[in-house]
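# Fold and geometry: a report
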Amino acid sequence: MAFPTAQLDKITGTLQHVIFASSDSYFKILSVQIDEATLADWDAPEIIVTGTFADVQEGSTYAFYGQVVRHPKYGQQLKVVRYENELPPDENGLIKYFASGQFSGIGKKTAEKIVDHLGLDAVNLILDDVSVLDGIMKPATAQKLARNLQLNLGLERLFQVGNQYGLGADLAGRLYDQYGHEAETILTTDPYRLVFEFDGISFKIADGIGQKNGHTRDDLRRIQAAVYATMMNVSFQYGHTFLTRDQLVQTTAQLLRDQQLETAITAAIAQLLKDQILVDEDGRLYAAALYQAEVQTAQDLRRLLRAPMPFDITSEAIAAAVVTPGHMQLDETQIAAVTAGLNAQVFLLTGGPGTGKTTIVRTIVATWHQLLAQQAKYADNTKDFLKNYAVKLASPTGRAAKRMTEVTGYDATTIHRLLGIADLDEPEFNADNPIAGGLLIIDEASMLDIELTAKLLAAIPSGMKVIIVGDADQLPSVGPGNVLADLVASQALAHIELETIYRQGRGSSITTMAQDIKNGRLPADFMTNQRDRSTFMVAPDQVATAIEQVVKAAIKKGYTADELQILAPMYKTTAGVHALNAMAQALFNPIKLAQKSLQFGETIFRRGDKVLQLENDSERDIYNGDMGQIVAVQYKKDPGNTENEDSLVVDFDGKELVYPKKQLNQLTLAYVTTVHKAQGNEFRLVIMALTSRFGLMLNRNLLYTGITRAKEALILVGEYEAFARAAQTPVPMRATWLTQRLHAEENNVTQPVAVSQPTPPGTKQLTTQLIVAQAVSPMIGMADVTPYDFMGKT
Ligand SMILES: Nc1ncnc2c1ncn2[C@@H]1O[C@H](COP(=O)(O)OP(=O)(O)OP(=O)(O)O)[C@@H](O)[C@H]1O
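Residues numbered from 1 in each chain as written. Predicted model: local features only at pLDDT ≥ 70, side-chain atom pairs only at ≥ 80, totals over all residues. Heavy atoms only, no water.

An unreviewed UniProt entry lists the chain under the name ATP-dependent RecD2 DNA helicase, with Leuconostoc holzapfelii given as the organism. According to the UniProt record, the Function (unreviewed entry) comment for the chain reads "DNA-dependent ATPase and ATP-dependent 5'-3' DNA helicase. Has no activity on blunt DNA or DNA with 3'-overhangs, requires at least 10 bases of 5'-ssDNA for helicase activity." The UniProt entry for the chain carries the following comment under Sequence similarities (unreviewed entry): "Belongs to the RecD family. RecD2 subfamily." (UniProt positions renumbered as here; feature names shortened; annotations may be inferred.)

Okay, structure coming up:
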């Protein structure tokens, strides 16, 4: 946050030494000898100064603006908001500065020449245009001097320029990393370019800078940036892969708050199409990458479907080889799923919780191994044959992969890992370097977005069988696309939907409730507590207290933080993720005397806390949505701490990872998460909060996904109307074209565009069938807990 300069203290002083310099940000801790200071009650000759700094020079003089704060361990220090290199104020000083030895090839004589020719503003003149040094020194020396000045002062100038526009030093530092000395020019003369290229500068920020610097409202670059930003916002907020031309024009006009600009928007779209940043396919306008992903997905699916069977297996051989786990009696649909799964080159298996998806996967894998063993007899090299046709299992998240390993008994991995995707880089495995194996099974396919799907399919060699497993009624992917639902709707793949619920005992009444919700209603007995689920309907303001009581009761019953998950749709509000996390942390992991902790933003992390990873970090094989537990808090000065910084150690299912303080933005507390973040995970007990304050967030798939995270017991807290409204409201439709691509003749797509308005999108009717619940034999979840326990004594 930028403080108004008037409130800041100013210290002018000489940098004595850099105590700490972060290796991957510009954060530094400096020791400064004070020349002049506006600080009240400060009589020490030195002060510790912390903040974001360029390549500061020991011995140089700087002016620091900031606020004195008290660090719990290191005492008072100046936290800097901005700073300036105090260049010498007179000619003699400036000559000394140039001749100080930090600029190679420049002695006293040359320094004098520079100051003679360029005067007191020499530094800025050189930074603006190195040709001012022509004739004063050799071009090579001049270039070197300019580069050094840039290194010392260019970033500082960028910090100052950025500060004028409200950009924090971190953002300015990242801009400098990407654009070097050109960053300032780009920021001031062509800020709209950053909307396309730079993650962190929104259209609004760029436009603020552009308007200040005289870009007119109808400037083509401004309008192009607005069109592009609209396309990206709509794709990533609502999941659409395309917009119709009208929608794009209208939504861009809304962003620009100017309906008069329609002609300019049309011209901007034409230019973006010409530059291949957007693609127009029969009036559907795509961001180029999403278009490629959608087209590629359809093409690769066709390629995989056309490929011949890997070796000669007849349907009879498959039927004869079926191996069921525990000799379970599969029903007709399940047997059909096993044989179709082994017969088809690409097969889709869908079904709600407890319908036997895992059972079918286990059966298919065991049967595949049986078939391989039979075929291996005819192979030249048995070992190679078995390796070439091995089974691969993968999931979109690490937690889901771990669960897949546990329930199937076979090794599963994340899709990122399977493809060798390192951050921002192209995958190691792709069309030119495909993965190896005979059968690939992808679980939790509802989480697949179109870009990951395209990368995955491209890397699958023709002939490898693919089985895609998921629950199409769960929330669609976070990223653009509606892959699983589109594949189902296309009818282009062999598909079986498992409908009979086999789960018995704990969790079974949750499973039947899930079916009701899928059909758009709450069960008739919603308010009647079952042995594995209860409802506590309270006013929005009482939700936090009610959940607190429920959690206390659950802790008494022996539930650990790992086994219990609280779900809320949003981060803010009193019943939101942040507020509830603070409450749950105090219950599960109360602070102990003299306990070590690390603070990041408003969150305080302690040993024992349950935490959630918020970003994909493929290098460390840890992904957005993975949950872990803090096993150590290490201070920089602790003996044996190899990190040169305060850090946390987090255990993710047996894998310990270190988070230095600067990486704590990747972590948050996980006692409470959004439903999206919990997708792919299951917990013994789920407590889900919904109130009408969550408004537009309430929809059927959200409620369905939330409650189906519960394996054994479910407690619903909030307002009945909110739960009823969620059950009745279909998930907003996503505008995608994958279904049509799959069932249309190649290059002959003629279906009409049927999409809703982009903000908010319309709705689609889910075609699901009523599933008849099987025998229910409920067991106790929290049987002796009644609503009265949560309402206080009256
Ligand atoms: N034909 C069957 N006869 C008897 N029990 C069955 C049958 N099919 C599955 N089950 C049992 O039903 C339970 C749920 O099956 P499974 O775990 O395979 O379902 P799922 O669809 O993978 O569920 P989830 O998505 O919730 O993990 C398991 O205990 C399984 O053993």
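## Thoughts on helix H2 (residues 108-118)
Along H2, the residues classified as buried are Thr 110, Ala 111, Ile 114, Val 115 and Leu 118. Angularly, the buried residues of H2 cover 135 degrees about the axis, an arc narrow enough to put them on a single face. Exposed residues lying more than 90 degrees from the buried face of H2 are Lys 108, Lys 109, Asp 116 and His 117. Note on H2: the residue one or two positions beyond its end, Gly 119, has a positive phi of about 75 degrees. (Buried < 20%, exposed > 50% of the residue type's maximum accessible area, 1.4 Å probe, protein only. Helix = DSSP H or I, 4+ residues; strand = E, 2+ residues; numbered from the N terminus. Arc of directions from axis to C-beta.)

## As for the packing of aromatic side chains
This model, assessed by the stated rule, comprises 20 aromatic pairs. With 5.5 Å between their ring centres and 70 degrees between their planes, Tyr 97 and Phe 103 make a pair best called edge-to-face. Among the residues examined, Tyr 97 registers a relative accessible area of 11% and is labelled buried. Consider the rings of Phe 242 and Trp 737, whose centres lie 6.0 Å apart with planes at 85 degrees: the pair is edge-to-face. Linking Phe 242 in strand S6 (residues 242-244) with Trp 737 in the loop between helix H26 (720-728) and helix H27 (738-743), this pair joins segments that are 495 residues apart in sequence. (Phe/Tyr/Trp six-rings, centres within 6.5 Å; stacked < 30°, edge-to-face > 60°.)

## Some remarks on the pairing of strand S10 (residues 391-395)
The buried fraction of S10 amounts to 4 of the 5 residues, a majority that puts the element mostly inside the structure. Where S10 lies against strand S12 (residues 439-442), 4 bridges are found, and the strand directions are parallel. Among the inter-strand pairings, Val 391 is bridged to a residue of S12, identified as Leu 439. The pairing of S10 with strand S11 (residues 412-414) spans 3 bridges and is parallel. Note on S11: the bridge partner recorded for Ser 395 is Thr 414. Chirality of the crossover, the property in question, places the unit of S10, helix H17 (residues 398-408) and S11 among those that are right-handed. (Pairing = 2+ DSSP bridges. Right-handed = clockwise from strand over helix to strand, strands pointing away.)

## Quick word on the site of the ligand
Residues in close proximity to the ligand total 16 residues, the closest being Gln 334, Gly 354, Lys 357, Thr 358 and Thr 359. Thr 355 has a polar backbone atom sitting 3.3 Å from an oxygen atom of the ligand. The backbone of Gly 356 places a nitrogen or oxygen atom 2.9 Å from an oxygen atom of the ligand. The fraction of the free accessible surface of the ligand (630 Å²) that becomes covered by protein chains is 74%. Of the residues forming the shell around the ligand, the biggest block, 3 residues, is contributed by helix H15 (residues 357-376). (Near = heavy atom within 4 Å. Polar contact = N/O pair within 3.5 Å; in protein donor to acceptor, adjacent residues only side chain to side chain. Areas by Shrake-Rupley, 256 points an atom, 1.4 Å probe, with all protein chains shown as cover.)

## Side note on the packing of helix H10 (residues 245-256) against helix H11 (residues 262-274)
In helix packing, the relevant descriptors are the interaxial angle and the interaxial distance, both defined with respect to the helix axes. In contact at an axis separation of 10 Å, H10 and H11 are set at 120 degrees when each is read in the N-to-C sense. Classified by the interaxial angle, the pair formed by H10 and H11 is oblique. Where H10 crosses over H11, the handedness of that crossing is right-handed. On the side of H10, the interface is formed by Arg 245, Leu 248, Val 249, Gln 250, Thr 252, Ala 253 and Leu 256, while H11 contributes Glu 262, Ile 265, Ile 269 and Leu 273. Residue composition of the contact of H10 with H11, by class: 7 nonpolar, 2 polar and 2 charged. (Axes fitted to C-alpha atoms, helices over the stretch in contact; angles between N-to-C directions. Parallel < 35°, antiparallel > 145°, perpendicular 65-115°, else oblique. Left-handed = near helix turned anticlockwise from the far one by under 90°. Contact = heavy atoms within 4.5 Å. Nonpolar A, V, L, I, M, F, W, Y, C, P; charged D, E, K, R; others polar.)

## Quick look at the packing of helix H9 (residues 220-238) against H11
At a minimum axis distance of 9 Å, the contact between H9 and H11 shows a crossing angle of 75 degrees. By the angle between their axes, H9 is roughly perpendicular relative to H11. From H9, Leu 220, Ile 223, Gln 224, Val 227 and Tyr 228 reach across to H11, where they touch Ala 264, Ile 265, Ala 267, Ala 268, Ile 269, Gln 271 and Leu 272. Taken together, the residues of the contact of H9 with H11 break down into 10 nonpolar, 2 polar and no charged.

## As for unusual backbone geometry
Apart from glycine, the bulk of residues carry a negative phi angle, and the bulk of peptide bonds sit in the trans form. The backbone of Arg 257 sits at a positive phi, close to 50 degrees, despite the residue not being glycine. Judged by its relative accessible area of 76%, Arg 257 is exposed. A positive phi is found at Asp 653, a non-glycine position, where the angle reads about 45 degrees. Topologically, Asp 653 is positioned in the loop between strand S21 (647-652) and strand S22 (655-660).

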